[in-house]
Amino acid sequence: MSRIGEKTIQIEDEVNIVVDGQNVNVTGPKGNLTCEIDTSIEIKQDANELRVLRKSENREVRARQGLYRALIANMVTGVTKGFEKQLELNGIGYRVQLQGKDLLFSIGYSHPVVIKPRKGIEFVVEGQNKVKVTGIDKQLVGQVAAELREIRSPDPYKGKGIKYADEVLIKKQGKSVKK
């Protein structure tokens with residue numbers, strides 16, 4: 001039994017949800033998101049709540065019910081509050097700047113690394129070593145943050161690189177000298 005899928009999604013006043021066959025369109029103050037759902041899932045909409053129902057008791061269908069309920073709930077949260085991921089640069093001389101809407105990283109390479117934002121993503125730079133990735137699509141925000149981290153992932157020995165703000169790095173010990 002899907003525990004997540006059985007929960008109802010509360011719809012706030014400023015959010016408008018339109019269910020058109022297998023497409024769910026969520027509009028709010030921050031933007032508009034669309035999701036195509038599987039044919040084995042049915043959406044019931046009341047005045048201020050939404051229920052995701054399954055058409056059979058098959059194991060895969062029960063899993064999809066929880067998946068689509070979570071996707072729709074994330075869409076509602078995204079168009080009202082939005083999502084953000086924070087990244088930090090650790091290392092001597094590592095810094096980031098905002099040039100227009102692009103990010104300019106100086107992270108130990110022989111050249112600066114320029115990253116252009118995708119559609120629906122905004123970058124905010126705080127100081128010289130903190131970047132905030134914001135947007136309404138949770139999956140896209142996480143993907144862009146992961147790609148930024150991948151430019152220079154943290155070194156396990158020194159801790160230098162780009163890491164998530166809430167990430168805890170466990171440093172490895174170097175080689176020990178035998179006596």
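Everything numeric in this text was worked out from a predicted model, so none of it was measured.

Draft legend 1. Representation of the overall build of the protein chain in the model. A count of helical and extended segments in the protein chain gives three helices and 13 strands. Taking 2.2 N^0.38 as the reference for a compact globule, 179 residues should give roughly 16 Å; the C-alpha atoms of the protein chain span a radius of gyration of 21 Å, well beyond that estimate. When the backbone C-alpha atoms are referred to their principal axes, the protein chain occupies close to 65 × 50 × 20 Å. Looking at the protein chain residue by residue over its 179 residues, the buried ones come to 34%.

Draft legend 2. Quick peek at the sheet that holds strand S9 (residues 102-106). With antiparallel pairing, the three strands of this open sheet are ordered in space as S8-S9-S10. The two strands at the open ends of the sheet, each matched to only one other strand, are strand S8 (95-99) and strand S10 (113-115). The mean angle between the axes of side-by-side strands here comes to 25°, regardless of whether they run parallel or antiparallel. With three bridges connecting them, S9 and S10 associate as antiparallel partners. Opposite Leu-103, over in S10, you have Ile-115 as the bridge partner.

Draft legend 3. Representation of the environment of Glu-122. Here Glu-122 shows up in strand S11 (residues 121-126). Overall, Glu-122 belongs to the exposed group, its relative accessible area being 55%. Residues Glu-122 and Gly-91, spaced 31 residues apart in sequence, show a C-alpha to C-alpha distance of 24 Å. In this structure Glu-122 touches Lys-132, Val-133 and Thr-134, once residues within four positions along its chain are discounted.

Draft legend 4. The nonpolar core, seen in detail. Within the largest apolar cluster, 21 residues are counted, with the highest numbers of intra-cluster contacts made by Ile-17, Val-24 and Val-26. Those elements giving two or more residues to this core turn out to be strand S3 (23-28), strand S4 (31-36), strand S5 (41-45), strand S6 (49-54) and helix H2 (59-80). Broken down by element, this core gets its largest block of residues, seven residues, from H2. Sequence-distant contacts of Ile-17, defined by excluding residues within four places in its chain, comprise Ile-11, Val-24, Asn-25, Val-26, Gln-45, Leu-50 and Val-76. Listed in part, the 20 residues of the second largest apolar core include Phe-83, Val-96, Leu-140 and Ile-162.

Reading guide: rules and limits
- Residues numbered from 1 in each chain as written.
- Predicted model: local features only at pLDDT ≥ 70, side-chain atom pairs only at ≥ 80, totals over all residues.
- Heavy atoms only, no water.
- Helix = DSSP H or I, 4+ residues; strand = E, 2+ residues; numbered from the N terminus.
- Rg over C-alpha atoms; globule rule 2.2 N^0.38 Å.
- Buried < 20%, exposed > 50% of the residue type's maximum accessible area, 1.4 Å probe, protein only.
- Pairing = 2+ DSSP bridges.
- Axes fitted to C-alpha atoms, helices over the stretch in contact; angles between N-to-C directions.
- Contact = heavy atoms within 4.5 Å.
- Core = buried A, V, L, I, M, F, W, Y, C linked by side-chain atoms within 4.5 Å.

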